[in-house]
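Report on the structure
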Amino acid sequence: MIASHAAAPLLGFVARGDTTVADAYLSPILLRYTQTFRASLRAAHGDATVAFMQSNGGLVDAEGFRGVNGILSGPAGGVVGMIAAGTAEGPRRLIGFDMGGTSTDVSLSTGDIPRRFAAEIDGVRLQTPMVDITTIAAGGGSVLRFADGRLQVGPASAGADPGPACYRRNGPATITDCNVVLGRIPVEHFPHVFGPAGDQPIDPAASRARLAELAAAARDEAGLEYGVEALAEAFLQVACARMANAIRELALHHGEDPARFGLLSFGGAAGQHACAVAGLLGADEVLLHPLAGVLSAYGIGLTGRRAIRRRTVEAALDAAGHAAGRQALQGLEADARDDLLRQGVADSLVEVRGSAHVRLAGSDTTLELPWQSADTLRVAFFEAHRQLYGFADESASLVIGSVMAEAIERVATAAPNLVTGKKPLSADAAAPAASASVWIEGVSRTVPVVARRDLAPGDQLHGPLLLCEDGATSWIAPGWAGRVAPSGLVVLQRSQAARGVTQPDAAAAAPDPMRLEVFNALFMHVAEQMGAVLRHTASSVNIKERLDFSCAIFDAAANLVANAPHMPVHLGSMGASVAAVLDSFGDEMRPGDAYLVNSPYAGGTHLPDMTVVSPVFDTAGVHVEFFTASRAHHADVGGISPGSMPPDSRTIDDEGVLVAPTRIMREGTLDDARLRQLFCGNPGRHGISRRTLRICGRSWRPIPVANGNCAAPRRTMAAPRCSRTCATCRTTPNAACAARSAGCAPAASATRWTMAR
């Protein structure tokens, strides 16, 4: 029996139910396996201690292991290993770049394990602490294809069987094949485990043949001429651009700039692309670990036990609410500590941390903050909100949504010394011990091949070169140089600007399939991040949960460039709204302006769909380079009934407030008075609904426009409907209208109508 109060003791009925069902499905299977494994281990080795990795980045014994806490336990070990390896010589801000055969996992750490507390995995919403990892379908086995005039990478994967073409099992062309063709995977340094019998080396000829087929397809379909090496290089640029976009997305969610981080690569394929990805991010540091191929397992070995307890508080952040949170937290801290003591951890090795999940009143997006006094908690919230979203309303009310206690087993954080080299290495020697022919920017060059086991602390490395080790092969690109740290970590610094895929050249006059795909992914990425920010900063359930919004980018002439996969119905006419704004304000636009429109005569759909259009200028602030636009459903737009398109409406005004293109922000300053005028102002002006409304707190209520004695109802009521406007209060008269005696007679037939809340 799995109880929801134990699986997910937090508010959120749907996510709580999904979490409980997932735990009920997974836990019996995993627990049966752990019991069998422990019995076998006990029979062979006596009473051995067994601990299991959790998605939250800590270990737990078999009695405390739950299925829902083991969903991302493997990648979590990689993040722990990344932090331990990257901070062995001191604090460092790190991006984890874990690239395997099928996918790439990226993570970001500013010193501690990054976590999230709600996630959707394969359509299942989970409320459980887990390491914050973003996964994209771009790995060494990602399948390459030429389609729609673009070079496309993934999301399909060749997997382990048949695997890439070079595995000698008749597989498709993949990213791995590109590296083989370019010489970045030297055949003689790769194990002989391929072919039907598993005893042959990789096959560069098969890689070349598959890529030649793609080059022929590009020639036949689009008249493009590609050499095999040039095509492989172009595909790698597409793949690296996708991985860089995933890292930018993760950094955005943390309110960070990826250029300020070091990129630590691990996984079998990450070292091949780390320098290129770092260059696209603007990062100047790349870290290569000697156990990169098995860093997830290595990280699990460095992990201590953790116990996490959470509880809903839902109290205002004031003296009383803070006291309630403190009381709840004390009980959770004792419970978490007792769990570690039960597992045999000495009390002196237990560290307990408390935190609060704070949110704006009316919002359900919380920010995790260390537990502190009420005043400092408030200051810390607004600082974090400003970093994440770029703004903070410090007059807003705050709520302590929940509190969390975490008991942590203190373990040695310093990674062991993994250097095995005995003699200094001269990577610049005239006759290196080994070399390989590598294709670099259009020409074949001979570069050194360095074995990791020959390196010693202090050795200097200068790209281009190949660094080979037991679990991975790393490509140190031109423009990168570094040294071997005492821990064995190779620390690379960018000595010159890396060549980016966006730099134009003479061949860029005609559409290029590689550039088309790179920019397609880049523009799509921007639109998706617009949606992420919109959702996180919204209060409306329509936006946060129903996802009834769309974001897109338009060029300077209002032509659609890219849209995120949000609500397709919004996108067909959004360009017309951008064009309407451009027609109305084209000569008056300035940097920092924003415009609002919902009129169907200007590209709108129904009136609740409000569109905000923002021009983006060049660096000089003179010319508009493109527009960003977002359209979202807002329930409170007035009208004769809640919702939209009332069945008994006669004019568009009956649906609600009609907004023609209107400037609502001027040079970065919101025109609050203008917004209030739109919804509360004179009927008829700018097409505003005759049923005028104003914002009262967080809800709408009708008010008179000209006559303070006219009190309109707030709820549904039966009332005579008049064909004329009340001469005194200029609203449609009803039974409660005090101006009926002023000569406004009701119509012959009564009609039931509804006033919007």
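Going by the structure above, here's the rest.
Residues numbered from 1 in each chain as written. Predicted model: local features only at pLDDT ≥ 70, side-chain atom pairs only at ≥ 80, totals over all residues. Heavy atoms only, no water.

**Structural notes on the pairing of strand E3 (residues 94-99)**
In terms of burial, E3 is largely enclosed, as six of its six residues are buried. Burial of E3 is two-sided: the residues Leu94, Gly96 and Asp98 facing one way and the residues Ile95, Phe97 and Met99 facing the other way are all buried. In this structure, E3 lies alongside strand E4 (residues 104-109), joined through six bridges in antiparallel fashion. Residue Ile95 lies in a different strand from E4, and its bridge partner there is Leu108. Adjacent in sequence and paired antiparallel, E3 and E4 are bridged by four residues. (Buried < 20%, exposed > 50% of the residue type's maximum accessible area, 1.4 Å probe, protein only. Helix = DSSP H or I, 4+ residues; strand = E, 2+ residues; numbered from the N terminus. Pairing = 2+ DSSP bridges.)

**Looking at the packing of aromatic side chains**
Summed over the entire model, instances satisfying the criterion amount to six aromatic pairs. Each ring, one from Tyr33 and one from Phe37, has its centre 6.2 Å from the other, and the planes form 20°; the classification is stacked. Residue Tyr33 and its partner Phe37 are both found in helix H2 (residues 13-45); the two are separated by four residues, about one turn of the helix. Tyr33 sits in the exposed class, given a relative accessible area of 53%. Look at Phe37 and you get partly exposed, because its relative accessible area is 35%. (Phe/Tyr/Trp six-rings, centres within 6.5 Å; stacked < 30°, edge-to-face > 60°.)

**A short note on the sheet that holds strand E16 (residues 367-370)**
In spatial order, the strands read E14-E17-E15-E16; together these four strands make up an open sheet with antiparallel pairing. One side of each edge strand has no neighbouring strand; the edge strands of this open sheet are strand E14 (306-316) and E16. Taken over all neighbouring pairs, the strand axes of this sheet differ in orientation by 25° on average, direction set aside. Pairing of E14 with strand E17 (residues 398-409), which is carried by nine bridges, proceeds in the antiparallel orientation. Opposite Arg306, over in E17, you have Ile408 as the bridge partner. Contacting E14, strand E15 (350-360) and E17, helix H9 (residues 319-342) crosses the sheet at an angle of about 20° to E17. Its contacts with the sheet put helix H10 (residues 374-389) on E15, E16 and E17, and the angle it makes with E16 is roughly 135°. (Axes fitted to C-alpha atoms, helices over the stretch in contact; angles between N-to-C directions. Contact = heavy atoms within 4.5 Å.)

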